[in-house]
Amino acid sequence: MTTMSKPLRVTALGLDKRSRSALEMILKGPGKGACVLTDVAESEAAIVDMDRPEASMLWENYHRHYPERPGIALSAQDSCPEGTRLQPKPVSINALLASLRAVAEELAGPEAATAETGKAAGAQLESKVVSTRGATQVLEDRAVRRYVSALPESLPEDYRQLSDPASRAKLFFVPTDYIGGHLLEAIREAVARGEARIIHLRVGAITVDPAAHRTWCALTDTRLKQVCMVRAHSGDGEALDLRIEGQARGAAVEAPPGGGAGLDLDAFVWKVAVWVSRGRAPEGTDLQEPVLLRHWPNLTRLLMTPSVMRVAAIWAKQHRSPVETATLLRIPLSHVLTFYAAARATGLLVEARRQKDELFSPPDIDRHRQRGLLSRMLAKILGATQGSDQKGT
Amino acid sequence: MEQHKIIFTGPVGAGKTTAINAISDIPTVRTDATATDMTAGRKRVTTVALDFGVMNLGPDERIHLYGTPGQERFDFMWEILSKGAIGLVLLLDNTRADPSADLRFFVQAFRGFIDRTELAVGVTRMDLSPKPRIADYHSAIRGVGLKPPVFAVDARESRDVGLLIQALLYSLDPGLVAADE
């Protein structure tokens, strides 16, 4: 778990007395005391039984007060709320302990200090964590795939007329409803004006330097993702103390102490957009409007999402709408919309304005004469770099 | 046994050998190949370095990975090597004096081959020299009517090289699905 000397403090939400007792026995026995149950205020993370009637309310309340604290959702369903990782029922002891270990690892190390140090002017930045590929990237890839894949895979025929907010929210999102959307807007404005920005959050600061095309972020990816997904219109934005400090055009930008080289601005914007989107398109998107990529995204340095290569390959060459693309590639629409949101946020999309009443539809994807060989090569490459990304594409 | 090939090209020191090594099933073989030019009516022999790696797809099928000699004067070898190949991986070294000129040179040299197949571009050593940026390469290559994937890569990282090859394969056929899926 976190360390041998300092057990992870977890609170149990929605567990009845019997389940709570069983959990305590597991943590003391097979868990070897690396994790202890505690009350809400002292907890570092939460375990919530999502199949209890009051569970959603309990988690939302916890998450609103402690957005940086992760949760483990025990559920018989395939989905879990924002900020949690799913632990499917029936819960095995080993699987639960593995999830707790993963939570402890998220909280351990550099990010543990972030919330405190982020308040100080000389925040200890963690650009290494943010920019590191490898294991962190793999975990993120898997996490992205999990929550993106859980979204609806087909488009309702009457999607334009969807009036039910819940149904509409499965396809579309309003960026400024989320802290992440506000971050994107602040960065977009900074880039448009050519002015640096320091975006202050209670949990840490983000410095944006359009001239150098870099960002410095005092939050780890785990924490940043949680912050991005927090809803902004219900007062949570105030709770996070979102404040934007502008710098005059041409003013020198001081890299925060310990910030190193920072992270490429596009890579930062891309991942924030992915986290805010979670398989949905920005409100106002015409899902049947063809789009084209200005050029391929730099995918070795971006957060990978499911089917990203295939969507990039097709949109680099052909005008295709999101709906068409999902159909042609036989992939969930949510995969396409995630890519759409990230590509749009990074300015890579061109709306093609193809006439929708064209007599002829564009040709299907050209099938390569050696598709069998290429498929075997792809399987080989995916196997060789297993875990890095793309297995789901 | 069926044999196919992918060509890795680029200037000297761009990371071709390292990239091949990152995905090859055998240690990269650096071959001293002998090239002969008979056009002058007499035998002239030149020794060049050729990199060779292998990806085994099965007991009866393999992909040969060829790294071209980087020296421009050996470009006649490139045509021989690329004949029948699946696609081209171009590696550029961002610390060289004018990597954009390298891009134009190699694209021009392989243009016929690229038009018949596909191209994927990897830019190495961007950590040492961040400029030109990836967007600059896109601008340069758009000028010659191409729109290939251009990725920053660390040629030592099999993940990076693997992603570049994936992009090449999906460029050839976006409808591709891995054989075991």
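Residues numbered from 1 in each chain as written. Chains lettered and ligands numbered in written order. Predicted model: local features only at pLDDT ≥ 70, side-chain atom pairs only at ≥ 80, totals over all residues. Heavy atoms only, no water.

1. Observations concerning the pattern of salt bridges
The condition that has to hold: Salt bridge, as used here, is a side-chain nitrogen of Lys or Arg placed within 4 Å of a carboxyl oxygen of Asp or Glu. Secondary structure follows DSSP: runs of H or I at least 4 residues long count as helices, runs of E at least 2 residues long count as strands, and numbering of each begins at the N terminus. Here's how the labels work: a residue is buried when its accessible area is under 20% of the maximum for its type, exposed when over 50%, partly exposed in between, all with a 1.4 Å probe on protein chains only.
One pass over the structure, following the stated rule, counts 19 salt bridges over all chains. Here Lys271 of chain A ties to Asp221 of chain A by a salt bridge, and the two come within 2.7 Å at their closest N and O atoms. With Lys271 of chain A in helix α11 (residues 265–277) and Asp221 of chain A in helix α9 (residues 221–228), this residue pair connects regions lying 50 residues apart in the sequence. Comparing Lys271 of chain A with Asp221 of chain A shows no difference in burial state: the two are buried. Put simply, Arg96 of chain B and Asp102 of chain B hold a salt bridge, and the shortest N to O gap is 2.7 Å. Residue classification places Asp102 of chain B among the buried residues on the basis of a relative accessible area of 11%. Sharing partners across several salt bridges, the network here consists of Glu189, Arg193, Glu195 and Arg197 of chain A.

2. Quick look at the confidence of the model for chain A
Fine structural detail should not be taken from predicted coordinates in areas where pLDDT scores are low. Residues and elements named next belong to chain A. Stated precisely, the cut-off is as follows: Note: pLDDT gives the predictor's confidence per residue, expressed from 0 to 100. Contacts are residue-level and defined by heavy atoms, with any inter-residue pair within 4.5 Å sufficient.
Looking at chain A as a whole, its pLDDT mean stands at 77, while 73% of the residues score no less than 70. Here residues 356–360 is modelled with pLDDT under 50, and outside its nearest four sequence neighbours on either side it reaches three contacts, counting other chains as well. Contacts of residues 387–393 to residues separated by more than four positions or lying in other chains number 33 contacts, the stretch itself having pLDDT below 50.

3. With respect to helix α8 (residues 179–193) of chain A
Residue and element names in this part refer to chain A. Which entries qualify depends on this criterion: Between the first and last residue of a helix there are one fewer steps than residues, each counted as 1.5 Å, and that sum is the expected span.
Taking 1.5 Å as the rise per residue, α8 with 15 residues should run 21 Å; its terminal C-alpha atoms sit 21 Å apart, in good agreement. Within the sequence span of α8, burial applies to Ile179, Gly180, Gly181, Leu183, Leu184, Ala186, Ile187 and Ala190. Downstream of α8 by a residue or two, Gly194 has a phi angle that is positive, lying close to 70 degrees.

4. Points about the packing of helix α1 (residues 17–28) of chain A against helix α3 (residues 93–107) of chain A
Residues and elements named next belong to chain A. Counted only if it meets this: Between N-to-C directions, angles span 0 to 180 degrees; the directions come from axes that are lines fitted to C-alpha atoms, helices contributing only their stretch in contact. When describing relative orientation, an angle under 35 degrees is termed roughly parallel and one over 145 degrees roughly antiparallel, while 65 to 115 degrees is termed roughly perpendicular and anything else oblique. Residue type decides the class: Asp, Glu, Lys and Arg count as charged, Ala, Val, Leu, Ile, Met, Phe, Trp, Tyr, Cys and Pro as nonpolar, and the leftover types, Gly among them, as polar.
The interhelical angle for the contact between α1 and α3, taken along N-to-C directions, is 75 degrees, at an axis separation of 11 Å. Between α1 and α3, the angle is such that the two are roughly perpendicular. Two secondary-structure elements touch here, α1 through Leu23, Ile26 and Leu27 and α3 through Ile93, Leu96, Leu97 and Leu100. Classifying every residue of the contact of α1 with α3 by side-chain character gives seven nonpolar, no polar and no charged.

5. Focus: the nonpolar core
Cut-off, in case you're wondering: Side-chain atoms within 4.5 Å link the members of a nonpolar core, which is a set of buried Ala, Val, Leu, Ile, Met, Phe, Trp, Tyr and Cys residues. Domain start and stop points were drawn from an automatic or database domain assignment.
Of all hydrophobic cores here, the largest spans 101 residues; its most connected members are Leu224, Trp270, Leu299 and Trp315 of chain A together with Ile6, Phe8 and Ile165 of chain B. Among the elements that make up this core, the one with the highest residue count is α11 of chain A (10 residues). If you count residues domain by domain, this core takes at least three from each of domain 2 (130–171 + 280–393) and domain 3 (174–279) of chain A. Excluding its chain neighbours within four sequence positions, the residues that come into contact with Ile6 of chain B are Met377 of chain A together with Ile63, His64, Leu65, Tyr66, Ile86, Gly87, Val89, Ile165 and Leu168 of chain B. Grouped together as the second largest cluster of nonpolar side chains are 28 residues, Leu50, Tyr66, Leu103 and Val123 of chain B included.

6. With respect to the packing of aromatic side chains
All names here are of chain A. Formally: Here a pair means two rings of Phe, Tyr or Trp (six-membered ring of Trp) with centres within 6.5 Å. Their orientation is stacked below 30 degrees between planes, edge-to-face above 60, and tilted elsewhere.
This model, assessed by the stated rule, comprises seven aromatic pairs over all chains. Taken together, a centroid distance of 5.6 Å and an interplanar angle of 35 degrees make the contact between Trp59 and Tyr62 tilted. Of this pair, Trp59 and Tyr62 both sit in helix α2 (residues 55–65), three residues apart, which is roughly one turn of the helix. According to the relative accessible area criterion, Trp59 is buried, its value standing at 2%. Aromatic side chains Trp315 and Phe339 sit 5.6 Å apart centroid to centroid with 75 degrees between the ring planes, which places their arrangement in the edge-to-face category.

7. Focus: the packing of helix α1 (residues 16–23) of chain B against helix α6 (residues 158–172) of chain B
Residues and elements named next belong to chain B. In the contact formed by α1 and α6, the axes pass within 9 Å of each other and the chain directions differ by 90 degrees. In this view, α1 runs roughly perpendicular relative to α6, as classed from their interaxial angle. Where α1 approaches α6, its residues Ala19, Ala22 and Ile23 are matched on the opposing element by Ser158, Val161, Gly162 and Ile165. The class makeup of the residues in the contact of α1 with α6 is five nonpolar, two polar and no charged.

8. Quick look at the interface of chain A and chain B
Counted only if it meets this: The term buried area refers to how much accessible surface (probe radius 1.4 Å) is lost by two components on association, counted for both of them together. Identification of polar contacts relies on pairs of N or O atoms within 3.5 Å, with a donor-acceptor requirement for protein atoms, meaning one able to donate a hydrogen and the other able to accept it, and with residues adjacent in sequence counted only if both atoms are side-chain atoms.
Of the residues lining the interface, 45 residues belong to chain A; the matching set on chain B comes to 44 residues. Both sides together, the interface formed by chain A and chain B hides about 4000 Å², and carbon and sulfur atoms give 60% of it. Where chain A meets chain B, there are six salt bridges. Its salt-bridge partner being Lys317 of chain A, residue Glu118 of chain B comes within 2.3 Å of it at the nearest N-O pair. Linking chain A with chain B are 19 residue pairs in polar contact (both at pLDDT 80 or more). It is helix α15 (residues 371–384) of chain A that contributes the most residues to the side of chain A that touches chain B, 11 residues altogether. Residue classes in the side of chain A that touches chain B are distributed as 19 nonpolar, 12 polar and 14 charged.

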